[in-house]
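Residues per chain, in single letters:
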Amino acid sequence: MKEIELQYRHPPDLLDDGEIPSDIRTEELVLNMGPQHPSTHGVLRVVLQTDGELVLGATPYMGYLHRCAEKIAEKVTYRQFTPYTDRLDYLAAMNNNLGFALAVEKLGGIEVPPRADYLRVIFAELNRIASHLMATGSYGLDMGAFTPLVYCFREREWIMDLFEAACGARLTYSYITIGGVREDVPEGWGDKCREFLDYFEPKIAEYNDLLSFNHIFINRTGNVGICPPELAVAYGLTGPCLRGSGLAWDLRKATPYCRYHELDFDIPVGHGENGAVGDCWDRYFVRVQEMVQSVRIIRQALDKLADGPVQAKVPRVVKLPAGEVYYEVENPRGQLGFHLVSDGGTSPYRLKIRGPSFCNLSVLPVLAPNCLLADIAALLGSIDVVMGEVDR
Amino acid sequence: MNQTANIKPQTPLGQAMFVCERPKVEYRGLSLKIVQLATKWGPIGIPLLLRFAWGIFFAALVFVIAFVWVVGRFINPLLPWFVRDVVVVVGLLAFVSIVAIIGIWGERKVSGRIQSRLGPMRTGAWHGWAQSLADGLKFVQKEDLIPQDADKPLFRLAPYVALVPAFCAYLAIPFGVGWVFHDSDVGLLFVLAMLAIEVLGVIMGGWASNSKWSLYGAMREGCQLVSYEIPMGLSLVAAVAWLGSLSLVELGRAQDGGWWSWLLFQNPFLFAAFFTYYIASLASCKRSPFDLPEGESELVAGFHTEYSGFRFVMFFFAEYMGMFAVSAVATVIFLGGWNSPVPGLASPLWFVIKSTFLVWVQMWVRWTLPRIRIDQVMHACVKYLLPFTLLLFVGSSLWQLYDNPDHRLFEGFAAVVRFGLGCLGLLLLGLYFAGAAYGFYHRNQLVGQMVRKHLPGA
């Protein structure tokens, strides 16, 4: 049996010439990528079966960043859990705060004042831009282009400054709290924000010139890791990964929360301009286009921002009625869901978090086979996982 | 025995409890004089020294150049040949080390400027000129680590196998007429052969590390270099056939007399051959976009993943020496070598300036482009570059066949084309300098903008 397989692998005429000995041993090479690896975006470990440069299979192993966030939620009050949500997807802390606050507010029937709602939209979208800047920049780094990363950090720095001016923190904000936002933005913050948007919008074209439409970049990412829409739905992909596959599904449009239904924006989807629909380039470019849409949303929200309170009257220790609620928001990486079960006490009975990165990562073993080794970096970067959210 | 006798009485609250008592040293005699001088002049003298460190550095550089000139001109002819050889090799070694050190520093500055950063600014006071020296010092201090399962003799040998050929290539590279260690009749072949040996060290290091990532790096380096040597050689063969010599000094001397006589502008095929050679040379010295053997986002650090300390520095030096060496070959063969753009000013300085410019373009490309995938690298070589360079060789030979007084019509046409190519070259250079001037004028725009608009509350 073994002999037959070997003869099949090597054509008989070569064997007759004695060029390749028939007892040559060929086997797969198992390559352990991570947990310390430059392009696994944190402490992800991927075990690759390789045949030369060809990848035959990839198995992700996670759990290196597990911090028991869900269990901790059962021990602290609702307000006290907000800072823990910052640490889920630490690149989009505002959106995480928003998701948790909305879940609690829905169960508690808390009405949020309009100014707080618009501020939430502005901050969530600013954070989406910051997160996508990080994603696109580090994607360039995965492809071997170092320079776009630094440019993206330069722009992100400005957003961090805006956040710092509003809430004092630069990464873990805890700014969006139950009942509104923690405090109003300082005088003149809106003008600074507009100044940033005016500066930032032309820069996107610059990134496109430098990276998105670069011939090498397109060759590296187009037609690589193609995820058809059926597969994306079957594996529960959300966010840019789903939209990159050509499905225009965005919770901000589908089930609008805050004031998204009053704002005008489009859902960018992948069209397969540089390959098949759902390849790495599509997923990447959806993020770039979403930054443009976020700028549009922020402009409109700033226009509609009227004076008023930013915090509903919520007691210091929130007590929710017994019951359960599941609430999802559109995070930069997909749909972040909070399944909150309350027994009428001051802390959740159970809190289940649906991390979008976790679900998005699940498609990696399906897409990885028959890629080249360099494509694994392209794939992981285009899925854009944050390990803080995968492991929670 | 009273055990509490040695314990000091407790310090009352409110007084400093954790202040270390300094031992009081009494200075006498000469040491007193030195301390007095140091305390008096140190605060002024050391900053002054640092302030003018770059001046001292360049003064030392000028002194070294003057020394080399005096030795080469007046003292060397009096010495026996073996002493002369030793002196020249030491001089070359010093030059090559300076090339690598300035190259590493320059790479950091260039990358900084391209990425709207400043790059190293502190070490050595003038734009961080001493950064590579400080890096070198750090590397020397590092622990000499060899993995437990590594093939230890090979692991130790590999950096030398990479470094020594890279240096040997310089033995045949002429910096000017008479400015060459050995003017061989097959100088070009020798340089190419030496540059090709470097891959052996890389493969050796990758294999001996006994790490899968290193092995991948070495494999990639092997197949990449073997493929790209061919188009690289073929581009040079076109030039060699045009001038009819393999001696680098002869090749350089044949291009005397102004920029229009440089080989690059002789016919369109040679013009293209310069670019194919440049692309292939990028691949052969592992520069981006062909830096697959050490692509840090795929293979952790490629073939030198397991190397640290001074062994790593040797690979690093070999890379920068290789960069300058391939640029030097391009300069000698296509860009007129040491000949000046205007006739009559030939000098080794021109050679260094042109080679440095090509090295700078390599850096520019590196910090702009993403990395190519391994199969695309191979496809680009075998499907496009290799047939194209073959075509260039044939085309250039045919051009040479007809570009003579026997074919009047074609000779006139060739002259027109030559003139056009010369103008094109000037235009490209002008465009480059215009862009550089524009960039220099706007150099503070991006960084300055951010600083100016920094939020007051932040």
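In this text the structure is predicted, and so the values were computed from the model without any measurement. Residue indices follow the written sequence of each chain, beginning from 1 at its first position. Chain A is the first chain written and ligand 1 is the first ligand written, with later ones labelled in order. Restriction of local features to residues with pLDDT of at least 70 applies here, the model being predicted, together with a cutoff of 80 or more for giving and counting side-chain atom pairs; totals for whole chains, interfaces and linings are based on all residues. To obtain the side-chain values, all non-hydrogen atoms of the structure were included, while hydrogens and water were left out.

### Focus: the interface of chain B and chain A
Applied cut-off: Residue contacts are defined here by distance: any two heavy atoms, one from each residue, within 4.5 Å place the two residues in contact. In what follows, salt bridge is the name for a side-chain nitrogen of Lys or Arg lying within 4 Å of a carboxyl oxygen of Asp or Glu. Under the scheme used here, helices are H or I runs from DSSP no shorter than 4 residues and strands are E runs no shorter than 2 residues, and both carry numbers assigned from the N terminus. Throughout, the ten residues Ala, Val, Leu, Ile, Met, Phe, Trp, Tyr, Cys and Pro are labelled nonpolar, Asp, Glu, Lys and Arg are labelled charged, and all others, Gly among them, are labelled polar.
Contacts between the two partners involve 32 residues from chain B and, on the opposite side, 43 residues from chain A. Of the charged contacts in the structure, one is a salt bridge between B:Arg373 and A:Asp375, with a shortest N-O distance of 3.0 Å. Counting residues per element, the side of chain B that touches chain A draws most heavily on helix α7 (residues 212–243) of chain B, at four residues. Across the side of chain B that touches chain A, the residue classes tally to 16 nonpolar, seven polar and nine charged.

### Observations regarding the packing of helix α9 (residues 268–284) of chain B against helix α10 (residues 309–334) of chain B
All names here are of chain B. The cut-off we apply is this: Angles here are taken between N-to-C directions and fall from 0 to 180 degrees, while the axes themselves are lines fitted to C-alpha atoms, restricted in helices to the stretch in contact. Comment on the angle field: the value is read as roughly parallel under 35 degrees, roughly antiparallel over 145, roughly perpendicular from 65 to 115, and oblique elsewhere.
Between α9 and α10, the least distance of the axes is 10 Å, while the angle of their chain directions is 170 degrees. Overall, the two elements α9 and α10 adopt an arrangement that is roughly antiparallel. Here α9 contributes Leu270, Ala273, Phe274, Tyr277, Ser281 and Ser284 to the contact with α10, which in turn contributes Val326, Val329, Ala330 and Phe334. Here the residues of the contact of α9 with α10 sort into eight nonpolar, two polar and no charged.

### Re the domain arrangement of chain B
All names here are of chain B. Condition: An automatic or database domain assignment provides the domain bounds reported here. As used in this structure description, the phrase polar contact means that two N or O atoms lie within 3.5 Å; if the pair is within protein, one of them must be able to donate a hydrogen and the other to accept it, and residues adjacent in sequence are counted only when both atoms belong to side chains.
Structurally, chain B comprises domain 1 (45–141) and domain 2 (142–402). With centres defined by C-alpha atoms, the gap from domain 1 to domain 2 works out at 23 Å. With 24 residues of domain 1 at the interface, the matching set in domain 2 holds 24 residues. Put simply, domain 1 and domain 2 have two salt bridges between them. Among the salt bridges present, the one from Arg287 reaches Glu107, with a minimum N-O distance of 3.0 Å. The interface formed by domain 1 and domain 2 includes three residue pairs in polar contact (both at pLDDT 80 or more). Where the side of domain 1 that touches domain 2 is concerned, the elements lending two or more residues are α3 (81–114) and α4 (131–141). Among the elements that take part in the side of domain 1 that touches domain 2, α3 stands out by supplying 18 residues, more than any other.

### Quick look at the pattern of salt bridges
If the charged atoms of two oppositely charged side chains come close together, the side chains can form a pair. Note the threshold: Only protein chains enter the accessibility calculation, which uses a 1.4 Å probe; a residue whose area is less than 20% of its type maximum is buried, one above 50% is exposed, and one in between is partly exposed.
Under the defined criterion, the tally for this structure stands at 41 salt bridges over all chains. The partner of B:Lys286 in a salt bridge is B:Glu221, with the nearest N and O atoms 4.0 Å apart. Residue B:Lys286 is found in the loop between α9 and α10, and its partner B:Glu221 is found in helix α7; the two are separated by 65 residues along the sequence. The class of B:Lys286 is buried, set by a relative accessible area of 4%. By relative accessible area, B:Glu221 is classed as buried at 2%. Here B:Arg371 and B:Asp291 are joined by a salt bridge, their closest N and O atoms 3.0 Å apart. Of the two residues, B:Arg371 is situated in the loop between α11 (348–366) and α12 (374–402) and B:Asp291 in the loop between α9 and α10; the sequence distance between them amounts to 80 residues. Judged by its relative accessible area of 1%, B:Arg371 is buried. Owing to a relative accessible area of 8%, B:Asp291 belongs among the buried residues under this scheme. Sharing partners across several salt bridges, the network here consists of A:Glu125, A:Arg128, A:Arg243, A:Asp250, A:Arg252, A:Glu290 and A:Glu330.

### Examining the side chain of A:His37
Here A:His37 shows up in the loop between β1 (29–33) and β2 (45–51). The exposure class assigned to A:His37 is buried, which follows from its relative accessible area of 7%. Excluding anything up to four places from it in sequence, A:His37 contacts B:Trp213, B:Ser297, B:Glu298 and B:Val300.

### A word on helix α6 (residues 187–208) of chain B
Keep this limit in mind: One less than the residue count of a helix, multiplied by 1.5 Å, gives the span that helix is expected to have.
For α6(B), with 22 residues, the first-to-last C-alpha span of 32 Å sits near the 32 Å given by 1.5 Å per residue. Among the residues trailing α6(B), B:Asn210 stands out with phi positive, at a value near 60 degrees.

### Concerning the packing of α7(B) against α10(B)
Residues and elements named next belong to chain B. Condition: Put simply, a crossing is left-handed when the front helix is turned counterclockwise from the back one by less than a right angle, and right-handed when it is turned clockwise.
Viewed as axis vectors pointing N to C, α7 and α10 meet at an angle of 25 degrees, and their least axial separation amounts to 10 Å. Taken together, the axes of α7 and α10 are roughly parallel relative to one another. Crossing angle aside, the handedness with which α7 passes α10 is left-handed. From α7, Met232, Ser235, Leu236 and Ala239 reach across to α10, where they touch Val326, Val329, Ile333 and Phe334. A per-class count over the contact of α7 with α10 returns seven nonpolar, one polar and no charged.

### A look at the environment of B:Thr276
All names here are of chain B. Relative to the assigned elements, Thr276 resides in helix α9. You can call Thr276 buried: its relative accessible area is 3%. Between the C-alpha atoms of Thr276 and Leu392, which are 116 residues apart in sequence, the distance is 9.6 Å. Each residue touching Thr276, except ones within four places of it in the same chain, is listed here: Ser235, Leu385, Phe388, Thr389 and Leu392.

### Observations regarding the side chain of B:Arg220
With respect to the secondary-structure elements, B:Arg220 resides in helix α7. Apart from the residues within four sequence positions on either side, B:Arg220 is in contact with A:Glu53, A:Leu373, A:Ala374, B:Leu292, B:Pro293, B:Glu298, B:Leu299 and B:Ile374.

### Describing the packing of aromatic side chains
For clarity, the threshold we go by: When two rings of Phe, Tyr or Trp (its six-membered ring) have centres within 6.5 Å they constitute a pair, described as stacked for plane angles under 30 degrees, edge-to-face for angles over 60, and tilted for the intermediate range.
Summed over the entire model, instances satisfying the criterion amount to 48 aromatic pairs over all chains. Ring plane angle 15 degrees and centroid distance 4.7 Å describe the contact between A:Trp281 and A:Phe285, whose orientation is recorded as stacked. Of the two residues, A:Trp281 and A:Phe285 are both situated in helix α13 (residues 280–304); the distance of four residues between them amounts to about one turn of the helix. Judged on exposure class, the residue A:Trp281 and its partner A:Phe285 are both buried. Measuring from ring centre to ring centre gives 6.3 Å for B:Tyr170 and B:Phe324, while their planes differ by 10 degrees; the resulting arrangement is stacked.

### Section: the nonpolar core
Rule in force here: Side-chain atoms within 4.5 Å link the members of a nonpolar core, which is a set of buried Ala, Val, Leu, Ile, Met, Phe, Trp, Tyr and Cys residues.
Grouped together as the largest cluster of nonpolar side chains are 99 residues, with contacts concentrated most on B:Tyr170, B:Ile333 and B:Phe334. With 18 residues, the top contributor of residues to this core is α10(B). Among residues more than four places away in sequence, those in contact with B:Phe334 are B:Ser235, B:Leu236, B:Ala239, B:Gln255, B:Trp262, B:Leu263, B:Leu264, B:Leu270, B:Ala273, B:Phe274 and B:Tyr277. Counting 91 residues, the second-largest nonpolar core is a separate cluster that includes A:Phe81, A:Ala145, A:Trp158 and A:Cys167.

### Observations regarding a nonpolar patch on the surface
Residues and elements named next belong to chain B. Formally: Note on patches: the residues involved have over 30% relative accessible area and no salt bridge, like charges join within 9 Å, and the nonpolar side chains Val, Leu, Ile, Met, Phe, Trp and Tyr join within 5 Å. In these tables, accessible area is a Shrake-Rupley quantity obtained with a 1.4 Å probe, and a residue counts as shielded only by the protein chains included in the view.
Taken together, the side chains of Phe63, Val64, Phe67, Val68, Trp69, Val70, Phe74, Ile75 and Trp179 present a nonpolar region at the surface, about 900 Å² in accessible area. One can find Phe63 in helix α2 (residues 53–75). You can call Phe63 exposed: its relative accessible area is 57%.

### Quick word on unusual backbone geometry
All names here are of chain B. Of note, the bond from Ser288 into Pro289 is cis; its omega dihedral lies within 30 degrees of zero at 5 degrees. With respect to the helices, strands and loops of the structure, Pro289 is situated in the loop between α9 and α10. One non-glycine residue, Asn210, adopts positive backbone phi at about 60 degrees. You can see Asn210 is positioned in the loop between α6 and α7. Residue classification places Asn210 among the exposed positions, given a relative accessible area of 52%.

### Remarks on the sheet that holds strand β8 (residues 350–354) of chain A
All names here are of chain A. Heads up, the rule is: Strands qualify as paired when DSSP identifies two bridges or more between them.
Spatial ordering of the open sheet is given by β6-β7-β8, a layout of three strands whose pairing is antiparallel. Either end of the sheet is taken by a strand with one partner, and the two such strands are β6 (323–331) and β8. Across the sheet, the mean angle from the axis of one strand to that of its neighbour is 10 degrees, orientation sign disregarded. By the bridge criterion, five bridges tie strand β7 (residues 334–342) to β8 in an arrangement that is antiparallel. Within β8, the position partnered with Phe338 by the bridge is Ile353. Strands β6, β7 and β8 of the sheet are contacted by helix α5 (residues 93–108), whose axis makes an angle of about 150 degrees with β6.

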